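A closer look at the structure
Each chain, letter by letter, is given below.
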Amino acid sequence: MNVGLFIPCYIDQFYPNAAIATLNLLNKLGITVKYPVNQTCCGQPMANSGFEHLTQGCNDLFIDNFSEFDYIVSPSGSCVLHIKDHLHSPTEENKALGIRKKVYELTEFLTDVIKVEKLSARFPHKVGVHQSCHGQRGLMLAQMSELVEAPYSKPLHLLKMVEGLELVELSRPDECCGFGGTFCVAEEAVSVKMGKDRVADHLNHGAEYITAADMSCLMHMEGILRRQNSQVKVLHIAEILNAQ
Amino acid sequence: MSLGTKDHAALSDIFNKDEARVDWHDETLWFVRAKRDKAANSIPEWESLREAASQIKNNVLSNLHDYLIEFENQAKINGVTVHWAADAAEHNQIVHAILKRHNVDRLIKSKSMLTEECHLNEYLSKQNIDVIDTDLGERIVQLAKEPPSHIVLPCIHKKKEEIGELFHEHLGTPEGMADPVFLTAAAREHLRETFLTRKAAITGVNFAVAETGEFVVCTNEGNADMGAHLADVHIACMGIEKIIPKRKNLGVFLRLLTRSATGQPITTYSSHFKKPRPGQEMHIVLVDNGRTTQLSRPDFRNSLKCIRCAACMNTCPVYRRSGGHSYHTAVAGPIGSILAPNLDMKEYADLPFASTLCGSCTNVCPVKINIHEQLYKWRQVIVKEGYADPKKKVAMKVMELTLSSPTIYKNAGKAGRWVMKYAPFTVNNKLNLWYQQREMPEVPKESFGEWFKKNKKND
């Protein structure tokens, strides 16, 4: 199995530990992973701001870096969704389409492709799970509270394999944190208020850690937690699934 | 209420100055969303009902011309006068002409977002015609001289104490009285007099049945019935997308509408109007006002499936924390944000950006409009048409350059400044905006790429 590791730009620059945990976790599960060193960004920050027409450079790079793989795995639901929905090429559309079909967010790769049934991980803490919207509603990593359908959750399925981990229930299990890419500054007041409310839900239920399959939501909530001098930490789900 | 030239972000900023009020607004609407969830979950076939509604509406949009003609013919046979209005101005003129012919200078109105869209009240008041809104929530915002902030719950932004003050001033209720039961009774008594003395009534239309020429108006207060039955002239105003093919389709829509809107199984009154009673005149005004333009936009046409339940507003985390008025348009929230740019792209260029694209709106929509995908698409259109902020354009160009080149990207990152310099929240003073209420992430000693180079290598 030829697997390529796609590390989104802001994780590369700001949260290398989430990327290292992803790589180590995959290795531990017997997956050999290649990391194409010339990757940058999926282009989503521009596209979501209405500048999709400026993303061809990113698209071309992505196709160059990743078209050779059987699977592409990334620790970000949001970036994966962007690639799945919007990767195009005027000259190599077949390659783009191929990538769109074989790009996976980490927890869905572990659940659906590797079909992980047990993990050797230990994390004896109370953990609140933030259901990042693009992963949840876009990639359907978990059942959505709006729909009348049977429940399931790929991130929870994996977290339940972690020894000692105690999940905390939330009042609103899948409300958006308000990050939203450039929304976080363009609509600063609402973005922050959404983040404060999300964080409060976790704090009110005794979470020691907030985790998610998307680091961007966690970056936003971490900014709020740290401003509040809270002791509660954020950790990418890979760091917990790989914890000893 | 004048909102000036402020955009959604600026208006939300003002709304958020009072955090306790934001909490109250959010929780009030979340309560409605939770009721909706409970009602939806009480119907095992909920998702297939949504699918059926969506398909019926798709059929309507693909055959709108034929259904409209069928409806017009049937309505005429029933003795109803049918009018066609290309835009808001023509709609207002048609209504005015009918009223003028009957020498009406006072009328009652119930439940019509279309007349809000057309600014009928303002137009008629300039012609010295007095309009009384009879829906309780509409009446409250009318007394407050404000537009509705929500299409189903028009005064949801007002606390009961504020309504008590308004009623004290306008209806003479005791000062400090804020008991909802008392205030509702006071409004009812006041309106009863109005119902009995007005000769003309305007209602909206929830569903117009092509097969029979009848139309259905859904209210909880019975005010549409009371107004229309007592009046000599009944004018029903509807957007052309309100058509459904057959009466039996109502079984799908009436089950979905109020469960989605308020969590009730059905509205208290689902009133069918088919023909005028002897001596009464009944008019239907079919209004385009941009709808055929929207129908011609492949990416946005299915926004016309909307049945105005407002479930997308109640679930929207942005709407709940910014209030309906921050959208500065008659139909607020996610659905308003994909409808309004069709009417005036410049005026409403901000609205498709007033969203995190979380997708909850799409999931609650009873007719399956892909609202959040359309928000994304409107953003592309608005930028292409030249309505983007010039500062944002420069920032995006810098991003394009940086992210298209691994070398530039890495060098910038190595300097430890990449994100601060080029990420969206750090350009053009936007760094300050992140910092106002949030800490920046701590800069790690090395990037993942640098770590990988030192510690691992590709086989």
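Per chain, residue numbering runs from 1 following the sequence as it is written. Chain A is the first chain written and ligand 1 is the first ligand written, with later ones labelled in order. Local features are withheld for residues below a pLDDT of 70 in this predicted model, meaning they are given only at 70 or higher, and side-chain atom pairs are given and counted only at 80 or more; totals for whole chains, interfaces and linings count all residues.

This part is about the overall build of chain B. Numbered from the N terminus, helices here are DSSP runs of H or I no shorter than four residues, and strands are runs of E no shorter than two. Looking only at helices and strands, chain B has 23 helices and ten strands in total. The globule rule used for comparison is 2.2 Å times the number of residues to the exponent 0.38, while the radius of gyration itself is calculated over C-alpha atoms. For 459 residues, the compact-globule estimate of 2.2 N^0.38 gives 23 Å, and the C-alpha radius of gyration of chain B, at 25 Å, lies within 12% of that figure. Across its three principal axes, chain B shows a C-alpha extent of roughly 90 × 55 × 45 Å. Exposure in this text rests on C-beta crowding, where 20 or more other C-beta atoms within 10 Å of a residue's own make it buried, 12 or fewer make it exposed, and counts in between make it partly exposed. The C-beta atoms are placed from the backbone. The burial tally for chain B puts 51% of its 459 residues in the buried class.

Turning our eyes to something else, we now look at the confidence of the model for chain B. Of the residues in chain B, 95% reach a pLDDT of 70 or more, and the chain-wide mean stands at 92. Across the whole predicted complex the pTM is 0.95, and at the interface the ipTM reaches 0.97. A residue's pLDDT is simply how confident the predictor is in it, with values from 0 to 100.

Looking now at the packing of helix α3 (residues 46-62) of chain B against helix α12 (residues 250-261) of chain B. Residue and element names in this part refer to chain B. The geometry of α3 relative to α12 is characterised by a closest axis approach of 10 Å and an angle of 120 degrees between their N-to-C directions. The orientation of α3 relative to α12 falls into the category oblique. The interaxial crossing formed by α3 with α12 has left-handed handedness. Facing α3, whose interface residues are Leu49, Arg50, Ala52, Ala53 and Ile56, α12 presents Val252, Phe253, Arg255 and Leu256. Lys, Arg, Asp and Glu make up the charged group, whereas Ala, Val, Leu, Ile, Met, Phe, Trp, Tyr, Cys and Pro make up the nonpolar group; the residues left over, Gly among them, are polar. A class-by-class count of the residues in the contact of α3 with α12 yields seven nonpolar, no polar and two charged. For every element, the axis is a line fit to its C-alpha atoms; helices are fit only across the contacting stretch, and the angle between N-to-C directions ranges from 0 to 180 degrees. We call two directions roughly parallel when the angle between them is under 35 degrees, roughly antiparallel when it is over 145, roughly perpendicular when it lies between 65 and 115, and oblique otherwise. A crossing counts as left-handed when the near helix is turned anticlockwise from the far one by less than a right angle, and as right-handed when that turn is clockwise. For every residue pair, C-beta atoms are placed from the backbone, and the pair is scored as a contact if these atoms sit within 7 Å.

Residue and element names in this part refer to chain A. Any two strands with at least two DSSP bridges between them are considered paired. Where strand β1 (residues 3-5) and strand β3 (residues 71-74) come together, three bridges link them in parallel fashion. Looking at β3, one finds that Gly4 is bridged to Ile72. Of the pairings in the sheet, the one linking β3 to strand β4 (residues 103-105) comprises three bridges and is parallel in character. If you follow Ser74 over to β4, its bridge partner there is Glu105.

Moving on to the interface of chain A and chain B. Taken together, the 61 residues of chain A in the interface contact 61 residues of chain B. Contributing elements (two or more residues each) for the side of chain A that touches chain B: α1 (9-14), α2 (16-28), α3 (44-47), α4 (56-66), α8 (133-138), α10 (183-186), α11 (188-204) and α12 (215-227) of chain A. For the side of chain A that touches chain B, a count of residues per class yields 33 nonpolar, 15 polar and 13 charged.

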